[in-house]
Amino acid sequence: MKEYEVLVESINPCGGDSHSKKEFLEITAESPEAYVKENAQWPVIDTTVNSDGDTVITTGDGNGYMTRYTFSE
């Protein structure tokens, strides 16, 4: 198990990124993918690594509601 700091951004179709609800969590998980699989409300849309080396996983409902998880070790 690894420890991660996670930025969770809840994005709705009306407000977009600029009005997203943001929350920081400290978690212990096998991997970012395992955490999202167990805790996400919607299926995974995309998984990337940002320029800082953080894993970014985006989930969504297909109608504009998304949750973006950014995992830092």
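Please read these numbers as outputs of a predicted model, since none were measured by experiment.

Our next topic: the overall build of the protein chain. Looking only at helices and strands, the protein chain features 1 helix and 5 strands. Reading the protein chain from its N end, one meets helices and strands in the order β-β-α-β-β-β. Relative to a compact globule of 73 residues, whose C-alpha radius of gyration would be 11 Å, the protein chain shows 12 Å and is just as compact. Looking at the protein chain as a whole, 34% of its 73 residues are labelled buried. Counting contacts in the protein chain only where the partners sit at least 6 residues apart, residues at least 24 apart contribute 43% of the total. Looking at the protein chain as shown, the accessible area adds up to about 4,900 Å², and 45% of this sits on carbon and sulfur atoms.

Take the sheet that holds strand β1 (residues 2-11) next. What the 5 strands build is an open sheet, ordered β2-β1-β5-β4-β3; its pairing is antiparallel. Strands at the two margins of the open sheet, each flanked by one partner only, are β2 (21-29) and β3 (44-49). Direction aside, neighbouring strands of the sheet carry axes that sit 20° apart on average. The pairing of β3 with strand β4 (residues 55-60) spans 5 bridges and is classified as antiparallel. Across the sheet, the residue bridging to T48 is V56, located in β4.

Conventions and cut-offs
- Residues numbered from 1 in each chain as written.
- Predicted model: local features only at pLDDT ≥ 70, side-chain atom pairs only at ≥ 80, totals over all residues.
- Heavy atoms only, no water.
- Helix = DSSP H or I, 4+ residues; strand = E, 2+ residues; numbered from the N terminus.
- Rg over C-alpha atoms; globule rule 2.2 N^0.38 Å.
- Buried < 20%, exposed > 50% of the residue type's maximum accessible area, 1.4 Å probe, protein only.
- Contact = heavy atoms within 4.5 Å.
- Areas by Shrake-Rupley, 256 points an atom, 1.4 Å probe, with all protein chains shown as cover.
- Pairing = 2+ DSSP bridges.
- Axes fitted to C-alpha atoms, helices over the stretch in contact; angles between N-to-C directions.

All quantities given are derived from atomic positions and should not be read as evidence of function.
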